[in-house]
Amino acid sequence: MKLSKFSIGIGDRFGRQGKHLLAAVIDAAKAGVEITPVWNKSHREHTIIGTTPADTRAEADEVARLQGWSGHYFVDADHINLKTIDSFIESCDFFTLDVADFINQPALTNELDAFVAGCEKYANGVTIPGGIDELIGEQDAIRAIGDKFLTAVKQAGNLYRHIAAKKGVGNFVIELSMDETDTPQSPLELLFILAAAAREELPIQTIAPKFSGRFNKGVDYEGDADKFERDFERLLAVVEFAKEEFGLPKGLKLSIHSGSDKFSIYEPINRALKKFDAGLHVKTAGTTWLEELAGLAISQGEGLRIAKHIYTEAFSRIDELAKPYETVVNIDRRKLPLPEVVAEWNGKRYADELRHDDSCGRYNPHFRQLLHVGYKVAAEMGKEFIDAVADCECIIGPNVTENIFIRHIKPIFID
Ligand SMILES: [Zn+2]
């Protein structure tokens, strides 16, 4: 099973916007760009919402059938590890192997020696085509990288073989994920991580490194966009080189997690993809739920009451709600409006503060991030929330499609 050159992770926390999400990929196809949709939902999200991977599979299949989608699509077991993998195996055909916790766990000496010996040919430097300077991987550097990443790659191998034993080799896509960690990986590190993956015979189709800068959920990139562009180009060059050099799958490409709303780096990404004729996987997900919330607010009446209730609860439970997202949210509590202030707002004001569009001058990224992680409150409301979303479908649906197509797919893959 193979991904197309471009693919997008779409997620639908409450399982109500599937057809509007798929519509965005259909719009891309009409514009002449093939993008494979991948439905992603992590163990963390399933637990908080109270759904199972079988629900995501059912939604993906149903929506593809209803929309007459004849292309490929996948269901992603997002960020799985050995503890959480089993409940995903049957329903998923894309597995994001999260081994970030194993980075920096020292490698076994014999394995490290074998790795360094196997990489000897690169010890005097590697020339990577594509405008990147020569990478110098002296033996000591290779050993240090091996010591830092080999255990993690071995762990990915364990996960891969565990899945392959049940699903059969070649029947699923795998992504290697090292993004939920503190320090970005350098091009040289990525090169030898890929060398290790090849030695482990991991047929990875995507790899999610930790990029420079901050990728907070649902808000713009924080960091130096020019530096990001240089780093991203170097990582792309390494991937293009490594897939040939190490015999990894031909379609191997980078994957960007927490890709929603990183508007300031979409243009650099688009430029770099063209420059290297490279593919990319971008994961988005959580902002679909924010479109549901904005739609509820705009509908006034009952929808607005629910939207305000969710904020009031989220405000008082911020520690609990933000905890699972520690490394990917950055909320300044002093910039959060008090619930009693929000209680006075009309629906438009609520949506203006929530929406990532500062043309109205009211967008508040702190308000947005708190609500982003506040979906647990909506999940607890159960039917009351779901029914309200269903009542507002004619407002929400087009916004969900527009959010993914106009604000994400177009600038990244098409423009
Ligand atoms: Zn991720």
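Structure shown above.
These remarks concern the structure in this document. These numbers come from a predicted model, not from an experiment. (Residues numbered from 1 in each chain as written. Predicted model: local features only at pLDDT ≥ 70, side-chain atom pairs only at ≥ 80, totals over all residues. Heavy atoms only, no water.)

Quick look at the overall build of the chain
Put simply, the test is: Helix and strand labels come from DSSP, where a helix needs a run of H or I of at least four residues and a strand needs a run of E of at least two; each type is numbered from the N terminus. Radius of gyration: over C-alpha atoms. The globule rule applied is 2.2 Å multiplied by the number of residues raised to the 0.38 power. Buried residues are those whose accessible area, probed at 1.4 Å on protein chains only, stays under 20% of the maximum for their type, while exposed residues exceed 50% and partly exposed ones sit between those limits. Note on contacts: a residue pair qualifies if any of its non-hydrogen atoms lie within 4.5 Å across the two residues. Accessibility throughout is a Shrake-Rupley quantity obtained with a 1.4 Å probe, and a residue counts as covered only by protein chains that appear here.
Assigned secondary structure in the chain consists of 18 helices and 8 strands. Here the C-alpha atoms of the chain give a radius of gyration of 22 Å, agreeing with the 22 Å that 2.2 N^0.38 yields for 415 residues. Considered along the principal axes of its C-alpha atoms, the chain spans approximately 70 × 45 × 40 Å. Out of the 415 residues belonging to the chain, those deemed buried represent 59%. Sequence separation of 24 or more characterises 80% of the internal contacts of the chain that already satisfy a separation of 6 or more. Here the chain displays about 16800 Å² of accessible surface, and carbon together with sulfur accounts for 50% of that area.

Observations regarding the nonpolar core
Test applied: Buried Ala, Val, Leu, Ile, Met, Phe, Trp, Tyr and Cys residues that are joined via side-chain atoms within 4.5 Å together make up what is termed a nonpolar core.
Ranked by size, the top nonpolar core spans 138 residues in total, and within it Phe95, Leu194, Phe232, Tyr350 and Phe385 carry the most contacts. By residue number, the principal contributor to this core is helix α6 (residues 139–167), which donates 11 residues. If we skip the residues at most four places from it in the chain, Tyr350 touches Leu293, Ala297, Leu304, Ala307, Lys308, Tyr311, Val342, Trp345, Phe367 and Leu371. With 5 residues, the next largest nonpolar core counts Val38, Phe74, Phe94 and Val173 among its residues.

What to know about the pattern of salt bridges
Convention followed: Think of a salt bridge as a Lys or Arg side-chain nitrogen and an Asp or Glu carboxyl oxygen that are within 4 Å of each other.
Counted according to the given criterion, the structure contains 38 salt bridges. The salt bridge partner of Arg65 is Glu62, with a shortest N-O separation of 3.1 Å. With Arg65 and Glu62 both in helix α3 (residues 53–67) and 3 residues apart, this pair spans about one turn of that helix. For Glu62, a relative accessible area of 36% puts it in the partly exposed group. Here Glu384 makes a salt bridge to Arg305, at a shortest N to O gap of 2.7 Å. Taken together, the positions of Glu384 in helix α17 (residues 383–391) and Arg305 in helix α11 (residues 301–316) put the pair 79 residues apart, joining distant regions of the chain. According to the relative accessible area criterion, Glu384 is partly exposed, its value standing at 37%.

Topic: the pairing of strand β2 (residues 35–42)
Going by this rule: Strands are labelled as partners when DSSP assigns at least two bridges between them. Here, the term right-handed applies to a crossover whose path from the first strand over the helix to the second runs clockwise when the strands point away from the viewer.
Among the 8 residues of β2, 8 are classified as buried, and the element is accordingly described as predominantly covered. Side chains Ile35, Pro37, Trp39 and Lys41 project from β2 onto one buried face, and the interleaved Thr36, Val38, Asn40 and Ser42 project onto a second face that is buried too. Taken together, the 5 bridges between strand β1 (residues 6–10) and β2 define a ladder with parallel strand orientation. For Phe6, the partnering residue across the bridge sits in β2 and is Ile35. One crossover worth recording links β1 to the parallel β2 by way of helix α1 (residues 18–30), and it is right-handed. Relative to strand β3 (residues 74–80), β2 is paired through 5 bridges, and the arrangement is parallel. Across the sheet, Asn40 pairs through a bridge with Asp76, a residue of β3.

Here's the deal with the sheet that holds β1
Inclusion rule: Comment: axis = line fitted to C-alpha atoms, over the contacting stretch for helices; angle = value between 0 and 180 degrees taken between N-to-C directions.
If you trace the 8 strands once around the closed barrel, you get β1-β2-β3-β4-β5-β6-β7-β8, paired in parallel fashion. If you compare each strand with its neighbour and ignore which way they point, the axes differ by 25° on average. Each of β1 and β2 touches α1; the most contacted strand, β2, lies at about 150° to it.

Looking at the environment of Arg161
Its location among the elements puts Arg161 in helix α6. On the basis of relative accessible area, Arg161 is assigned to the partly exposed category, the value being 40%. Expressed as a C-alpha distance, the spacing of Arg161 and Lys323, which sit 162 residues apart in the sequence, is 32 Å. For Arg161, the contacting residues outside a window of four places in its chain are Lys154 and Glu200.

Description of the coordination of the zinc ion
Short version of the rule: Nitrogen, oxygen and sulfur within 2.8 Å of a metal are treated as its donors, or within 3.2 Å for sodium, potassium and calcium (Na, K, Ca); water is not counted, so a site can appear incomplete.
Coordination of the zinc ion by the protein involves His79 (NE2) and His257 (ND1), with metal-donor separations of 2.0 to 2.1 Å. Taken together, the residues span a long stretch of sequence, with His79 in strand β3 and His257 in the loop between β7 (253–256) and α9 (263–276) at a distance of 178 residues.

Quick notes on the environment of Glu291
Topologically, Glu291 is positioned in helix α10 (residues 287–298). Once the C-alpha coordinates of Glu291 and Gly71 are considered, the two residues, 220 residues apart in sequence, prove to be 26 Å apart. Among all residues touching Glu291, those that are not within four sequence positions of it are Arg355, Ile396, Asn399, Val400 and Asn403.

Structural notes on unusual backbone geometry
Residue Ser258 is not a glycine yet carries a positive backbone phi of 50°. Counting through the fold element by element, Ser258 comes out in the loop between β7 and α9. Residue classification places Ser258 among the buried positions, given a relative accessible area of 13%. The phi dihedral of Asp277 falls on the positive side, at around 50°, and the residue is not glycine. Following the sequence through the fold, Asp277 ends up in the loop between α9 and β8 (280–283).

Comments concerning helix α15 (residues 365–373)
The condition that has to hold: Here a polar contact means two N or O atoms within 3.5 Å. Within protein one must be a hydrogen donor candidate and the other an acceptor candidate, and residues neighboring in sequence count only if both atoms are side-chain atoms.
Across the 9 residues that make up α15, a large majority, 8, are buried. Residues of α15 that are buried include every one of His366, Phe367, Arg368, Gln369, Leu370, Leu371, His372 and Val373, and no others. The distance from a side-chain oxygen at the start of α15 to the backbone nitrogen of His366 is 2.9 Å, and the residue carrying that oxygen is Asn364.

Digging into the packing of aromatic side chains
Rules: Within 6.5 Å between ring centres, the rings of Phe, Tyr and Trp (the latter by its six-membered ring) count as paired, and their orientation is classed by plane angle as stacked under 30 degrees, edge-to-face over 60, tilted in between. Definition used: whenever NZ (Lys) or CZ (Arg) falls within 6 Å of the ring centre and also within 35 degrees of the ring normal, the charge is taken to sit over that ring.
Evaluated as defined, the whole model comprises 22 aromatic pairs. Ring centres of Phe74 and Phe94 lie 6.4 Å apart, and the angle between their planes is 70°; this geometry places the pair in the edge-to-face category. Linking Phe74 in strand β3 with Phe94 in strand β4 (residues 94–98), this pair joins segments that are 20 residues apart in sequence. The burial state of Phe74 is the same as that of Phe94; both residues are buried. Ring pairs connect the aromatic residues Phe211, Phe215, Tyr221, Phe228 and Phe232, which therefore count as one cluster. Geometry around Tyr375 places Arg13 over its ring, the cationic atom sitting 4.1 Å from the centre.

Taken by themselves, the reported measurements are silent on function.
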